[in-house]
Each structure stands twice: as C-alpha cells, then as structure tokens.
Amino acid sequence: MGGIFGVASKSDCVMDLFFGIDYHSHLGTRRGGMAVYGAQDGFNRVIHNIENSPFRTKFDKDVAEMSGNLGIGCISDNEPQPLLVRSHLGNFAITTVGKINNIEALVNKCFKDGHTHFLEMSGGSVNPTEVTAALINQKDSIVEGIRYAQEVIEGSMTLLIMTNAGIYAARDRLGRTPLVIGKKEGACCASFESHAYINLGYEDLKELGPGEIDFITPEGV
C-alpha cells in the first residue's frame, strides 16, 4: 500500500518530515523518498531502495544535507516517488498512495490527448504517480487537475502535491484511504496515519472527507 507525509513549516521541516515518513515504514518495503522546497535551494529530492535496509538508515546522511520549510515524502511498496514535475502549471513535487485499476486505458488516453511519453519501470509497467501527474497537467490549474484525476481514475488515489507556495492534500474520491491533518505552533502536516505526527508534537486538526482537497501552508489549512 505505502504511506505519505507532508509538512509546511515556518522553520526548517526536514526532521519532522524524516520522522513522519519513517513512521510509515510498516506500510511499504521497496522505495522511500523525500522532497523539500526552500526559498534558497528550490526543490530537492532523494529516493532510495529500502528493500534490504530500513528507511532511517538509508536517509540518515541525506537529512543533514537537505533544508526547506516545505516537504513531502513517502514509503512506497512499488514505484519510486516523489516525482519532480515541470509543466504549464509550474514546478511541483507529487507523491501518491493508491491503486489505478484502469492505468493502461489512462495511459492510452494521455497519448491521444498529446502526452508524448511515460518513463517505463522494470517489468514494463508505468509509474502510477507519473500517470496521475500527467492527468493533472491536462487542466488549467492544480485543483482542476486533481478533480479531473479523481473522476477518471478507477480505484483509489490519495496524493500530496508540493509547490513553492504550499502543499495540496487530496483524499481519494470514495474515501478508501485516509488523509489527516495535524497542527502545532508554526507548522501543519498531512499524514496517511495520525500517529506519525502525534509523537512530533502535532495535534489532530481534521480528517479530509472523500474527494476533499485542502491547501496547507505554515499558517494553516
């Protein structure tokens, strides 16, 4: 299944992001990833294979070299993510958790609509997070794109999208997977499981409803 976590903070968020993602390690066994945004360094991302070594060990050195007040990340049971995307909607990072049952049909639709290619993973499959990003980029805004992706994806897709202004958090249309928001002084977070942020000093703020899209900044939601 996998799990996702995101933080928007007035100060550096890397440690909260690191431990928030690490909590979800029981949900995935193949890939772990972190992406942060800071005003000075822009977007920075790192992905590691965690099949033979735990998340905390693989990312320990990266944490010391990353900085930013916005961050998203994941524990993935399949595809490498988060992905960094550059499109007409601007630059953003995206991470997802879910399952697309009609992924081949959506890939073919993207080709018909002018999308030129997808990166192929080992085994011939296409990264579901990349397909989700391609669907979002067919619309004129990120919110419109998320709504469109929710409509056409058969299955479940919960996601976080990080721009230079904040983080979009969207729960899948039918509410099959959870997404909860935590808050503490100077920071807000979004998490697949609430216990991931309780130990970091956050308090429960809300749980997103099915299909709900929220925008998270250090000031609030």
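Rules behind the numbers
Residues numbered from 1 in each chain as written. Predicted model: local features only at pLDDT ≥ 70, side-chain atom pairs only at ≥ 80, totals over all residues. Heavy atoms only, no water. Axes fitted to C-alpha atoms, helices over the stretch in contact; angles between N-to-C directions. Helix = DSSP H or I, 4+ residues; strand = E, 2+ residues; numbered from the N terminus. Parallel < 35°, antiparallel > 145°, perpendicular 65-115°, else oblique. Left-handed = near helix turned anticlockwise from the far one by under 90°. Contact = heavy atoms within 4.5 Å. Salt bridge = Lys/Arg side-chain N within 4 Å of Asp/Glu carboxyl O. Buried < 20%, exposed > 50% of the residue type's maximum accessible area, 1.4 Å probe, protein only. Nonpolar A, V, L, I, M, F, W, Y, C, P; charged D, E, K, R; others polar.

Peer 1: What is the right way to look at the packing of helix H3 (residues 103-112) against helix H4 (residues 128-136) in this model?
Peer 2: Two packed helices can be described by the angle between their axes and the distance between those axes. Where H3 meets H4, the axes come as close as 10 Å, and the angle between the chain directions of the two elements is 45 degrees. On the basis of their axis angle, the class for H3 and H4 is oblique. Between H3 and H4 the crossing geometry is left-handed. For the pair H3 and H4, contact is made by Ile 103, Leu 106, Val 107 and Cys 110 and by Pro 128, Val 131, Ala 134 and Leu 135, respectively.

Peer 1: It is not clear to me how the pattern of salt bridges should be interpreted in this structure. Could you clarify?
Peer 2: Between side chains of opposite charge, pairing is possible as soon as their charged atoms come close. Across all of its chains, the model carries 6 salt bridges by this definition. Between Asp 16 and Lys 184 there is a salt bridge, and its shortest N-O distance comes to 3.0 Å. Taken as a pair, Asp 16 in helix H1 (residues 14-23) and Lys 184 in strand S9 (residues 180-184) lie far apart in primary sequence, 168 residues in all. Lys 184 gets classed as partly exposed once you look at its relative accessible area, which sits at 25%. Residues Arg 171 and Glu 207 are paired through a salt bridge, measuring 3.5 Å at the closest nitrogen-oxygen approach. Placement of Arg 171 in the loop between strand S8 (167-170) and S9 and of Glu 207 in strand S11 (residues 203-207) is noted, with a sequence separation of 36 residues between them. Shared partners join several salt bridges into a network, and the residues in it are Lys 206, Glu 212 and Asp 214.

Peer 1: Would you take a moment to explain the packing of H4 against helix H5 (residues 142-152) for this structure?
Peer 2: The interhelical angle for the contact between H4 and H5, taken along N-to-C directions, is 120 degrees, at an axis separation of 7 Å. Put simply, H4 runs oblique to H5. For the pair H4 and H5, the crossing hand works out as right-handed. Each of Thr 132, Leu 135 and Ile 136 in H4 lies in contact with H5, whose residues at this interface are Ile 142, Gly 145, Ile 146, Tyr 148, Ala 149 and Val 152. Class assignment for the residues of the contact of H4 with H5 results in 7 nonpolar, 2 polar and no charged.

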